[in-house]
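Now for the letters of each chain:
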Amino acid sequence: MAEITSVTSEALQAQLRALLPSQQGFGEDLQASNVIIPIIDLTETASGSVLRQDLQTALAFGSQNEFIVSNTTTTVANTPGFWRLVGGAFIRTVNSGTVPKVRLLLSDGSTDKIAWASNSVVSTVEGIQVNNLDYTFFLRAGDELKVRCDSSSGIFTGSVRQIADSTGNLVNPSGFTSE
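Scope of this entry: the structure provided in the associated data block. (Residues numbered from 1 in each chain as written. Predicted model: local features only at pLDDT ≥ 70, side-chain atom pairs only at ≥ 80, totals over all residues. Heavy atoms only, no water.)

1. Structural notes on the packing of aromatic side chains
The geometry of an aromatic ring pair comes down to the distance between the two centres and the angle between the two planes.
Then step 1. For the structure shown, the criterion picks out four aromatic pairs.
Then step 2. Ring centres of F67 and F156 lie 5.7 Å apart, and the angle between their planes is 20 degrees; this geometry places the pair in the stacked category. Of this pair, F67 sits in strand β3 (residues 65–69) while F156 sits in strand β10 (residues 154–164); the two residues are 89 residues apart in sequence, bridging distant segments of the chain. F156 carries the same exposure label as F67, and that label is buried.
Then step 3. Taking the centre distance of 6.4 Å and the plane angle of 75 degrees together, the rings of W116 and F156 count as edge-to-face. With W116 in strand β7 (residues 112–119) and F156 in strand β10, the pair connects residues that are 40 residues apart, well separated along the chain.
Then step 4. With a relative accessible area of 13%, W116 lands in the buried category. (Phe/Tyr/Trp six-rings, centres within 6.5 Å; stacked < 30°, edge-to-face > 60°. Helix = DSSP H or I, 4+ residues; strand = E, 2+ residues; numbered from the N terminus. Buried < 20%, exposed > 50% of the residue type's maximum accessible area, 1.4 Å probe, protein only.)

2. Quick look at the sheet that holds strand β5 (residues 81–93)
Then step 1. The antiparallel open sheet is built from four strands, whose spatial order is β3-β10-β5-β8. Two strands in the sheet have a free side with no partner beyond their single neighbour: β3 and β8 (127–139). Across the sheet, the axes of successive neighbouring strands diverge by a mean angle of 15 degrees, strand direction being ignored. (Pairing = 2+ DSSP bridges. Axes fitted to C-alpha atoms, helices over the stretch in contact; angles between N-to-C directions.)

3. Some points on the nonpolar core
Then step 1. Residues F67, L85, L104, L145 and F156 are the most contacted members of the largest nonpolar core, which totals 19 residues.
Then step 2. The set of elements that each furnish at least two residues to this core consists of β3, β4 (73–77), β5, β6 (101–107), β8, β9 (144–149) and β10.
Then step 3. No other element matches the four residues that β5 contributes to this core.
Then step 4. Not counting residues within four places of it along the chain, the set of residues in contact with L85 comprises F67, V76, L104, L133, D134, Y135, F137, L145, F156, S159 and V160. (Core = buried A, V, L, I, M, F, W, Y, C linked by side-chain atoms within 4.5 Å. Contact = heavy atoms within 4.5 Å.)

4. Brief notes about the side chain of S63
Then step 1. With respect to the helices, strands and loops of the structure, S63 is situated in the loop between α3 (53–56) and β3.
Then step 2. Discounting residues that sit within four places of it in the chain, S63 has contacts with V160, R161, N172, P173 and S174.

5. Focus: a nonpolar patch on the surface
Then step 1. Residues I68, F90, I128, V130 and I155 make up a contiguous nonpolar surface patch of roughly 490 Å² in combined accessible area.
Then step 2. With respect to the element layout, I68 can be found in strand β3.
Then step 3. Given a relative accessible area of 66%, I68 falls into the exposed group. (Patch = residues over 30% accessible without salt bridge, like charges linked within 9 Å, V, L, I, M, F, W, Y side chains within 5 Å. Areas by Shrake-Rupley, 256 points an atom, 1.4 Å probe, with all protein chains shown as cover. Salt bridge = Lys/Arg side-chain N within 4 Å of Asp/Glu carboxyl O.)

6. Structural notes on unusual backbone geometry
Then step 1. The phi dihedral of N71 is positive, around 60 degrees, even though this residue is not glycine.
Then step 2. Along the polypeptide, N71 turns up in the loop between β3 and β4.
Then step 3. A relative accessible area of 48% means that N71 is categorised as partly exposed.

7. Some thoughts on the pattern of salt bridges
Then step 1. On inspection of all chains with the given rule, the structure shows five salt bridges.
Then step 2. Notably, a salt bridge pairs K146 with D112, separated by 3.4 Å at the nearest N-O pair. Residue K146 is located in strand β9, and its partner D112 is located in strand β7; the two are separated by 34 residues in the primary sequence.
Then step 3. A relative accessible area of 32% places D112 in the partly exposed class.
Then step 4. A salt bridge links E144 to K146; the nearest nitrogen and oxygen atoms lie 3.8 Å apart.
Then step 5. One salt-bridge network, in which partners are shared between bridges, spans D112, E144, K146 and R148.

The values reported here are purely geometric and, on their own, carry no functional implication.
This is the structure we're talking about:
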């Protein structure tokens, strides 16, 4: 015969109230039974039809759109949704009196906003500055993600891939098939 026991853990009750806010006024203690009840996880992730978030954003041969930008501005993404950008900015320090700049810009078509930037310094000693990047961007309809390198002393190379559409529907890596 199953025996029912009250559980008086305030920590468990607080967690239950946080996870199930509609049950806050229920007023009864949690109860436990000495009967084992199997629980089957029927979520899409448990069934294998949906990837975990960290796997879903993986880089994949067929998904990546590569780019190399130097001494120009290039649009690297302009479809609404969520985009993952990985890459590296390489800036050569020069003593010419100019300051090389590499930037990631978000644009609504009329205004550019700097999302990330790196500048070199004017120096009598030449050197190379390297920045590795891994960012996720959201683009609305009409938005663009641009890479700008102001001189040939700056190079940004990398790739982008869409990881979700504008409503949050995930875009799996190219070639992934669930069971």
